[in-house]
Amino acid sequence: MRETTEPESAPGGERDEAAVSRFVERFAADLTEAGMQRMAARVFAALLVSDSGALSSAELAERLRISPAAVSGAIRYLSQVDMVVREREPGSRRDRYRLFNEVWYETLTRRDQVLSRWESTMRDGAKVLGPGTPAGQRITETADFFEWVQQELPRMLERWRHQQAERRAAESRTAEAG
């Protein structure tokens, strides 16, 4: 198990770039442990901590001290799993890579399609294996789990949307009163 430490912040709200870099590497390691490609995890974490949520290939390479080829491969992966989008800088031929707004919400929403496909495949596999076999039962249970997650996910995401709307409303009221 990884040791946890208190996050570091600079006085006056200024960024401590060394602490930010350590955070990027720590979160990237967490994502890698969860199965994401290492460079993709580092690029994603770097985008996540950037104030704009968007960086060019050169900016990513410089911040992470990696090659443009490594950035390209990571972006290709992150684009395929719908976690980033490529956009053109206005008046330029340079690309910038931007996180989707509400990246975790959007990622989970898209996972519903994957879960549906997995459930269908598992149901087909259970028929092939035979529902009375141990493997068939295990595959059926997996399909049932994917079906359950698909039913629960929209409700969970709607609760998240509601909670976020309430938080924003409270922040707005506080800003108006302050």
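Residues numbered from 1 in each chain as written. Predicted model: local features only at pLDDT ≥ 70, side-chain atom pairs only at ≥ 80, totals over all residues. Heavy atoms only, no water.

Per an unreviewed UniProt entry, the recorded name for the protein chain is DNA-binding transcriptional regulator GbsR (MarR family), and the organism is Streptomyces demainii.

1. Focus: the environment of Arg-15
Mapped onto the elements of the fold, Arg-15 is located in the segment before α1 (17-33). Residues Arg-15 and Arg-159, 144 residues apart in the sequence, show an inter-C-alpha distance of 33 Å. A distance of 2.6 Å separates the side chain of Arg-15 from the backbone oxygen of Val-49, its partner in a polar contact. Looking at Arg-15, its side chain comes within polar contact range of the side chain of Asp-51, at 2.9 Å. (Helix = DSSP H or I, 4+ residues; strand = E, 2+ residues; numbered from the N terminus. Polar contact = N/O pair within 3.5 Å; in protein donor to acceptor, adjacent residues only side chain to side chain.)

2. Observations concerning the nonpolar core
Counting residues in hydrophobic clusters, the biggest one holds 31 residues, and the most contacted among them are Met-36, Val-43, Phe-44, Leu-47, Leu-60, Ile-75 and Leu-78. Those elements that provide at least two residues to this core are α1, α2 (38-49), α3 (57-64), α4 (68-80) and β3 (95-99). For this core, the element with the most residues is α2, which contributes eight residues. (Core = buried A, V, L, I, M, F, W, Y, C linked by side-chain atoms within 4.5 Å. Buried < 20%, exposed > 50% of the residue type's maximum accessible area, 1.4 Å probe, protein only.)

3. Brief notes about helix α5 (residues 103-129)
Here α5 contains 27 residues, and its C-alpha end-to-end distance of 38 Å stays within 8% of the 39 Å for a straight helix at 1.5 Å per residue. Residues of α5 that are buried include every one of Val-103, Tyr-105, Thr-107, Arg-110, Val-114, Leu-115, Glu-119 and Ala-126, and no others. Tucked into the core, α5 has its buried residues touching α2 and α6 (134-177). Of the residues flanking the end of α5, it is Gly-130, one or two places downstream, whose phi is positive at about 95°. (Expected span 1.5 Å × (residues − 1). Contact = heavy atoms within 4.5 Å.)

4. Considering the UniProt feature "domain: HTH marR-type" (unreviewed entry) in the protein chain
As recorded in UniProt, the sites labelled "domain: HTH marR-type" (unreviewed entry) are residues 35-94. Between the end C-alpha atoms of residues 35-94 the distance is 30 Å, and the span holds 55% helix and 13% strand. (UniProt positions renumbered as here; feature names shortened; annotations may be inferred.)

5. Points about the pattern of salt bridges
Note on pairing: side chains with opposite charge can pair once their charged atoms come close. This model, assessed by the stated rule, comprises eleven salt bridges. We note a salt bridge from Glu-171 to Arg-167, for which the minimum N-O separation is 2.6 Å. Here Arg-167 and Glu-171 lie together in helix α6, a separation of four residues that amounts to about one turn. Residue classification places Glu-171 among the partly exposed positions, given a relative accessible area of 42%. Among the residues examined, Arg-167 registers a relative accessible area of 35% and is labelled partly exposed. Beyond isolated ion pairs, a larger network of salt bridges with shared partners links Glu-119, Arg-123, Asp-144 and Glu-147. (Salt bridge = Lys/Arg side-chain N within 4 Å of Asp/Glu carboxyl O.)

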